[in-house]
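Close look at the chain arrangement
Here are the chains, one letter per residue:
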Amino acid sequence: MTKTTFEHPKAAPGKPAHGAGGHPGACPHGHGAAQDGTPPLRLIAWEITRSCNLACKHCRAEAHTEPYPGELTNAEAKALIDTFPETGNPIVIFTGGEPLMRKDWPDLVRYAKSKGLRCVMAPNGTLITPEVAKTMKEVGIERVSISIDGPCKDTHDEFRGVPGAFEASMRGIQYLKDEGIEFQINTTVTRGNLGMFKDIFKLCEEIGAVAWHIFLLVPTGRGAELGAEIISAQEYEDVLNWFYDFRKTTSMQLKATCAPHYHRILRQRAKEDGIPVTFENFGLDAVSRGCLGGVGFCFISHTGIVQPCGYLELDCGDVKKTPFPEIWKNSKHFNEFRNQDCFEGKCGVCEYHKVCAGCRARAYTMNGSHLAEEPLCSYTPRKAKKDA
Ligand code: HEM
Ligand SMILES: C[C@H]1O[C@@H](n2cnc3c(N)ncnc32)[C@H](O)[C@@H]1O
Ligand code: SF4
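One numbering rule holds for all chains: residues counted from 1, following each sequence as written. Just so you know, chain letters begin at A and ligand numbers begin at 1, following the order they were written in. Reporting in this predicted model follows two pLDDT cut-offs: at least 70 for local features of residues, and 80 or more for side-chain atom pairs to be given and counted; totals over whole chains, interfaces and linings ignore these cut-offs and use all residues. The side-chain quantities take in all heavy atoms of the structure and omit both hydrogens and water.

We call a set of buried residues a nonpolar core when its members are Ala, Val, Leu, Ile, Met, Phe, Trp, Tyr or Cys and they connect through side-chain atoms within 4.5 Å of each other. Throughout, exposure labels follow a simple rule: accessible area from a 1.4 Å probe, protein chains only, divided by the maximum for the residue type, with under 20% read as buried, over 50% as exposed, and the rest as partly exposed. With 99 residues, the main nonpolar core has Trp46, Phe84, Phe94, Met136, Ile185, Trp212 and Phe324 as its most contacted residues. Apart from residues no more than four positions distant in its own chain, Phe84 is found in contact with Ile44, Trp46, Pro90, Val92, Leu117, Ile300 and Phe324. Note on contacts: a residue pair qualifies if any of its non-hydrogen atoms lie within 4.5 Å across the two residues.

Below is the structure:
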């Protein structure tokens, strides 16, 4: 059975990820920035439906099982896909909600593939049957992410709100493996599972995940009620330093998402270790950056609202009213994110801004503005120190 290999969005070895416009989110596929300096899109997270069969405690979407009104129709969804290639050559993440709850998902993926787009999917894993896995393979899904937030059924099911979720996801993973579809595990970091990290990683290894992506909890949606689960700035510093060291012990691809300050920590630690931050030494992390929202990444909601990411409900445009490439190019907020001068507090003066930029969603939910400083970063920029 042939195995699909998902190539990461990265710069060609030896070449910087920055395009002609100098944006760190520039195109990994050799396409430079547009003539006008608009950075090309690398990744689109597209919430094809918000309906979901689970009830996770932290869910940014506060997803429920019932249908949501206003979901893009099949025709609207295809018209949107038609516009994707104009923005660069983005990888499309078919997400949700639970993307498998949208009946026409195979048709949409087939259509996107016919436009030359690379497609990956982010189901929670519980609805993957042998037939679903076969269809995924047939339509050309290149990688699937499955979220696992605890190393065993008790911890995972408690967090995901539905008994049996862990075992159903594990079964789903087995069906993916049977079809030779590669998968990664996504884990949300909370105070509750911090102590279980080694066990979660061991599980990823045992089941044969190609990557482990950790997502640092954003207190939005149902996650806003999880105050006590949000770890402190110092705990973030500790866990991201641990992640830096742990990376050296495994060949599995590790990535910290919604943890932009990891890109600062990586550079601080690499400098101490005397290791240049190159693709050869650090893989994707060397050529990517922390918050890619509006710079190389965006999110499109089930109704067609474009956002910097799923965790920040900042309306940057409506694809039903404005062509998506125009939104990507002209959105006021996206242009703010492309210019450090627009940032407030220490993120506005930080020498690591270009590789970090802080989590814009946490800035919004915890500090009241999408341009405020990252609330969970303990670093004091050199310039802020001088001015103090
Ligand atoms: C290949 C399979 C992958 C799948 C299925 C996947 C899935 C997801 C999903 C579901 C989200 C959340 C979207 C949202 O609600 O906003 C996300 C976020 C994200 N992913 Fe992935 N991902 C994959 C690979 C990657 C890779 C290789 C990268 C590296 C560049 C990446 C970078 C990101 C970024 C930057 C975010 C947005 C969160 C942020 O702003 O930091 N993903 N991913
Ligand atoms: C794509 C990933 O996003 C996670 N996810 C869902 N809601 C939140 C939140 N509030 N904060 C961080 N991650 C979240 C999912 O659990 C999935 O693993
Ligand atoms: S986090 Fe994902 S799986 Fe959980 S309720 Fe939300 S959409 Fe569903």
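Okay, the UniProt feature "domain: Radical SAM core" (unreviewed entry) in the protein next. UniProt positions are given in the numbering used here, feature names are shortened, and annotations may be inferred rather than shown by experiment. Per the UniProt record, "domain: Radical SAM core" (unreviewed entry) is found at residues 38-259. Helix numbering and strand numbering both begin at the N terminus, where a helix is a DSSP run of H or I of at least 4 residues and a strand a DSSP run of E of at least 2. Counting secondary structure, residues 38-259 comes out at 35% helix and 19% strand; the distance between its end C-alpha atoms is 24 Å.

Here a cavity is any set of points on a 1 Å grid over the protein atoms alone where a 1.4 Å probe fits but cannot get out, and a pocket is any open set with protein on both sides within 12 Å along at least 5 of 7 lines; a residue lines the site when it has an atom within 4 Å of a point. Grid points are joined across faces, edges and corners, and a volume is the space filled by probe spheres set on the points. Scanning all chains against the criterion turns up two cavities of 30 Å³ or more. By volume, the second largest cavity is sized at about 120 Å³. Think of it as three bins: nonpolar holds Ala, Val, Leu, Ile, Met, Phe, Trp, Tyr, Cys and Pro, charged holds Asp, Glu, Lys and Arg, and polar takes everything else, Gly as well. A per-class count over the lining of the second largest cavity returns eight nonpolar, two polar and three charged.

Looking now at unusual backbone geometry. A cis amide bond, omega 20 degrees, links Gly96 with the succeeding residue Gly97. Tracing the chain through its elements places Gly97 in the loop between strand 2 (88-95) and helix 2 (105-114). Of note in this structure, Glu62 is not a glycine but carries a positive phi near 45 degrees. Residue position: Glu62 is located in the loop between strand 1 (41-47) and helix 1 (74-83). Backbone geometry at Ala357 places phi at a positive 75 degrees, although glycine is not the residue there. As for its placement among the helices and strands, Ala357 is situated in the loop between helix 12 (332-337) and helix 13 (360-367).

Let us now look at the environment of Phe201. Tracing the backbone through its elements, the reader meets Phe201 in helix 6 (residues 197-207). Residues Phe201 and Thr187 lie 14 residues apart in sequence; the distance between their C-alpha atoms is 9.7 Å. Residue contacts for Phe201: discarding those within four places in its chain leaves Trp212, Phe246, Thr250, Met252 and Leu254.

The next subject is the pattern of salt bridges. Once their charged atoms are close, side chains differing in charge can pair, the charge on each being opposite to the other. Each reported salt bridge corresponds to a side-chain nitrogen of Lys or Arg within 4 Å of a carboxyl oxygen of Asp or Glu. Summed over all chains, the structure comprises 27 salt bridges. The shortest N-O distance in the salt bridge between Arg382 and Glu351 comes to 3.8 Å. In this pair, Arg382 sits in helix 14 (residues 382-387) while Glu351 sits in the loop between helix 12 and helix 13, placing the two residues 31 residues apart along the sequence. Accessibility expressed as a relative area gives 54% for Arg382, which makes it exposed. Of the residues examined, Glu351 reaches a relative accessible area of 31% and is grouped as partly exposed. Taken together, the shared-partner salt bridges in this structure form one network comprising Asp245, Lys248, Arg269, Glu272 and Asp273.

Side-chain direction in a regular strand flips from residue to residue, so the side chains alternate between the two faces of the sheet. With six of seven residues buried, strand 1 lies mostly within the body of the structure. Throughout, right-handed denotes a crossover for which the path from the first strand over the helix to the second runs clockwise when the strands point away from the viewer. In this fold, the crossover linking strand 1 to strand 2 by way of helix 1 has right-handed handedness. Strand pairing is defined by DSSP finding a minimum of two bridges between the two strands. As paired elements, strand 1 and strand 8 (residues 297-300) share four bridges and run parallel to each other. Bridging from a neighbouring strand, Trp46 pairs with Ile300 of strand 8.

Near ligand 3 you find Cys52, Leu54, Cys56, His58, Cys59, Ala63, Gly97, Asn124, Arg160 and Arg222, and these make up its full shell. Broken down by class, the residue content of the shell around ligand 3 amounts to five nonpolar, three polar and two charged. A cutoff of 4 Å decides nearness: a residue is near a molecule or strand if any of its heavy atoms lies inside that distance of it.

This part is about the environment of Val139. The topology assignment puts Val139 in helix 3 (residues 130-139). Taking C-alpha positions, Val139 is 8.3 Å from Asp107, a pair spaced 32 residues apart along the chain. Look past the residues within four positions of Val139 in its chain and what remains in contact with it is Trp105, Pro106, Val109, Arg110 and Lys113.

Read from one edge of the open sheet, nine strands run 7-6-5-4-3-2-1-8-9, paired in mixed fashion. This sheet does not close on itself; its edge strands, each paired only once, are strand 7 (253-257) and strand 9 (306-307). Two strands pair when backbone bridges link them, and strand 5 (residues 183-189) and strand 6 (residues 211-216) are joined in this way by six bridges, in the parallel orientation. The residue of strand 6 that forms the bridge with Thr188 is Phe215.

Glancing now at helix 7 (residues 233-247). The length a helix should cover is 1.5 Å for every residue beyond the first. Its 15 residues place the ends of helix 7 21 Å apart at the C-alpha level, agreeing with the 21 Å of an ideal helix rising 1.5 Å per residue. Turning to helix 7, the residues buried within the fold contact helix 6, strand 6, strand 7, helix 8 (262-273), helix 9 (279-282) and helix 13.

Axis definition: a line fit to C-alpha positions, over the contact stretch in the case of helices; interaxial angles, taken between N-to-C directions, run 0 to 180 degrees. Their axes nearest at 7 Å, the elements helix 4 (residues 153-160) and helix 5 (residues 165-178) cross at an angle of 105 degrees. What the angle tells us is that helix 4 and helix 5 run roughly perpendicular. On helix 5, the residues touching Lys153, His156, Asp157 and Arg160 of helix 4 are Ala165, Phe166 and Glu167. Residues of the contact of helix 4 with helix 5, tallied by class, amount to two nonpolar, one polar and four charged. Here the angle decides the label: under 35 degrees means roughly parallel, over 145 means roughly antiparallel, 65 to 115 means roughly perpendicular, and every other value means oblique.

Before going further, it helps to examine the packing of aromatic side chains. Note on ring pairs: Phe, Tyr and Trp rings are taken, using the six-membered ring of Trp, and paired if centres are within 6.5 Å. Classes follow the plane angle, with under 30 degrees stacked, over 60 edge-to-face and the rest tilted. Scanning the model with the defined rule gives 14 aromatic pairs in all. Ring centres of Trp46 and Phe94 lie 5.6 Å apart, and the angle between their planes is 45 degrees; this geometry places the pair in the tilted category. Within this pair, whereas Trp46 is found in strand 1, its partner Phe94 is found in strand 2, the two being separated by 48 residues in sequence. Under the relative-accessibility criterion, Phe94 is labelled buried at 0%. Ring geometry for Phe197 against Trp242: centres 5.9 Å apart, planes inclined by 70 degrees, an arrangement best described as edge-to-face. Of this pair, Phe197 sits in helix 6 while Trp242 is found in helix 7, placing the two residues 45 residues apart along the sequence. The exposure class of Trp242 is partly exposed, given its relative accessible area of 23%. An aromatic cluster is built from Phe197, Phe201, Trp212, Trp242, Phe243, Phe246 and Tyr262, whose rings are joined through pairwise contacts. The rule for a charge over a ring is simple: NZ of Lys or CZ of Arg within 6 Å of the ring centre, and within 35 degrees of the ring normal. Directly above the aromatic system of Tyr111 lies the positively charged group of Lys78, at a separation of 5.5 Å from the ring centroid. Note that Arg247 overlies the ring of Tyr244, its terminal NZ or CZ placed 4.5 Å from the centroid.

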